[in-house]
Amino acid sequence: MSLQVRHAKISAVSLAVLAGPMSFGIAGPALILGDVAGGLGSTPATATWLVTVFGWGIAVGTPLMSGLVGHRGVRATAVLCGLLVLAGSALALVAPSLPVLLFGSAAQALGAAGLTGLAMHLADSPRRMGVATASLAVVGSVSPLVGSLLSDLLSWRVVLALPVVAVLAVPAVLGQAREEPSRGRFDATGAVVLTALVTALVFVPHQPVVAGLAAIVVAAAFALHLRRAPDGFVPAVLVRSPRFLGSAGPAFALAVGNFALIYALPARLTELTTWTSAQIGVAMVWPLLFGGGLSWFVVAASARIRPRLVTTALVVAGVAAALTAAFTGWVPALLAAQAAASIAAASGQGVLAVRATSAAPEEHRAAAIGLFNLCYLLGTAFGPAIVALLVSA
């Protein structure tokens, strides 16, 4: 039995608060990994695992929590995700060691991914989808600076706890969502296999041979399970849909480029200027904020423009940003590249999400949003990891 949802329209502000704070966990640590390492007696390279684990958590949590929406409903998912974010944020404030902090980051990311997925699930138009995705981009644009300032004024632990802000919107969801949860059987095997596949993919940049082989083996198991359970945790109709895959693939690529640049640009600006970390944070705010803000207009306007034209323009902007960042040492050009990457990724998430979900039957809408976001959010794990590999090489 499919989920029959009946809910009042959640306000745009609630959608933004529900979705946006996840970006604090993605981009907030960009300028404070040295502080985290110093506070825990580790090294900056080891502290980078914090970003990888958060990326893993949101990548795994996105399809898992979307599956929970389809099986148990919006209200139960909102409660569970809110509790995970609260528990993870609490651990961030008191964790005595990096392993404990990583555990808290994983819990926090799982919950934040679910809340962001809920916001996109509850968005019922391109304009409201644009609110959700633009909030991610706008919060992400100020996250490095906010993280640097709060680390100086209070503590790096406060920065790592910032995703807890999303919990403020949970009461709005609980107060307005009405539904009858599905009575169908939960495809636990499909959920486990997908989690294993995502985990292997996240670790490919760190352990290419071992993780790559594991990903191939698990992908084969995933394909076999998909044939046995075409209507299971991952609907086969989505995996076989050219329209869905043609939306999810570019979204992943745009996210990799954007988040790689967010973590590469501070080091590059440090080499080229005498700016402090706070000054670098201020310099990065404007291109990121411009890109995130403009993305709302792009997503809202995309309903009136041919999808192929919009997708092509976003891909061209993303490629141009990557090439500019790779081959220029001129600071204004680097900041312009970050703006272009931000516009492309944030707009791409909204535009391509609408296209991907419109390709799915209504009963698979939650799964489509979860799988699409999974592809996009894998970019948040791959981008910083690739930068860390290049820096250490």
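Structure shown above.
The shown structure was predicted, so the numbers you read here are calculated from the model rather than taken from an experiment.

Engineer: Now, about the pattern of salt bridges: what can you tell me, with residues and values included?
Structural biologist: Tallied over the entire structure, the rule returns one salt bridge. A salt bridge links Arg-268 to Glu-271; its shortest N-O distance comes to 3.1 Å. On the criterion of helical spacing, the pair formed by Arg-268 and Glu-271 is a turn pair, its members being three residues apart in helix H14 (residues 242-272). Here Arg-268 falls in the partly exposed class, since its relative accessible area comes to 29%. Classification of Glu-271 as exposed rests on a relative accessible area of 60%.

Engineer: Provide a residue-level description of the state of the cysteines, including the pertinent values.
Structural biologist: What the rule picks out here adds up to zero disulfides. For the unlinked cysteine Cys-81, the closest cysteine sulfur is that of Cys-375, found at 19 Å. For Cys-375, a relative accessible area of 23% corresponds to the partly exposed category.

Engineer: Residue-level account of the side chain of Thr-116, with values.
Structural biologist: Its place among the elements puts Thr-116 in helix H7 (residues 98-122). Each residue touching Thr-116, except ones within four places of it in the same chain, is listed here: Leu-18, Ala-19, Met-22 and Leu-136.

Engineer: Report on a nonpolar patch on the surface, specifying residues and quantitative values.
Structural biologist: A cluster of nonpolar residues, Val-209, Val-210, Leu-213 and Ile-216, forms a patch on the protein surface that exposes about 430 Å² of accessible area. Looking at where Ile-216 falls in the secondary structure, it is placed in helix H12 (residues 208-228).

Engineer: Any details on the nonpolar core? Residues and values, ideally.
Structural biologist: Nonpolar side chains tend toward joint burial in soluble globular proteins. By size, the foremost hydrophobic cluster in this structure holds 115 residues, and its most contacted members are Met-22 and Leu-101. Top contributing element to this core by residue count: H7, with 13 residues.

Engineer: I'd love a proper account of the environment of Thr-48, names of residues and values included.
Structural biologist: By secondary structure assignment, the location of Thr-48 is in the loop between helix H4 (44-47) and helix H5 (49-72). Of the residues examined, Thr-48 reaches a relative accessible area of 15% and is grouped as buried.

Engineer: Account for the environment of Leu-335, with residues named and values stated.
Structural biologist: Secondary-structure assignment places Leu-335 in helix H17 (residues 331-358). For Leu-335, a relative accessible area of 17% gives the class buried. Separated by 74 residues in sequence, Leu-335 and Leu-261 place their C-alpha atoms 9.9 Å apart. In this structure, Leu-335 is in contact with Leu-265, Leu-269, Ala-283 and Pro-287, ignoring residues within four places of it in sequence.

Engineer: Please give an account of the side chain of Thr-273 that cites residues and values.
Structural biologist: Looking at where Thr-273 falls in the secondary structure, it is placed in the loop between H14 and helix H15 (277-301). With relative accessibility at 17%, the residue Thr-273 sits in the buried group. In this structure the side chain of Thr-273 is engaged in a polar contact, spanning 2.6 Å, whose partner is the backbone oxygen of Leu-269. In terms of polar contacts, Thr-273 uses its side chain to reach the backbone amide nitrogen of Trp-275, at 3.3 Å.

Engineer: Quick one: what's the story with helix H6 (residues 74-94), residue by residue and with numbers?
Structural biologist: Taking 1.5 Å per residue as the helical rise, H6 with its 21 residues ought to reach 30 Å, and the 31 Å between its terminal C-alpha atoms agrees with that figure. Val-74, Thr-77, Ala-78, Cys-81, Gly-82, Val-85, Gly-88, Ser-89 and Ala-92 are the residues of H6 that are buried. An end-on view of H6 places all buried positions within 135 degrees of arc, on one side of the element. Pointing more than 90 degrees away from the buried face of H6 are the exposed residues Leu-83 and Val-94.

Rules used in this analysis
- Residues numbered from 1 in each chain as written.
- Predicted model: local features only at pLDDT ≥ 70, side-chain atom pairs only at ≥ 80, totals over all residues.
- Heavy atoms only, no water.
- Salt bridge = Lys/Arg side-chain N within 4 Å of Asp/Glu carboxyl O.
- Helix = DSSP H or I, 4+ residues; strand = E, 2+ residues; numbered from the N terminus.
- Buried < 20%, exposed > 50% of the residue type's maximum accessible area, 1.4 Å probe, protein only.
- Disulfide = S-S within 2.5 Å.
- Contact = heavy atoms within 4.5 Å.
- Patch = residues over 30% accessible without salt bridge, like charges linked within 9 Å, V, L, I, M, F, W, Y side chains within 5 Å.
- Areas by Shrake-Rupley, 256 points an atom, 1.4 Å probe, with all protein chains shown as cover.
- Core = buried A, V, L, I, M, F, W, Y, C linked by side-chain atoms within 4.5 Å.
- Polar contact = N/O pair within 3.5 Å; in protein donor to acceptor, adjacent residues only side chain to side chain.
- Expected span 1.5 Å × (residues − 1).
- Arc of directions from axis to C-beta.

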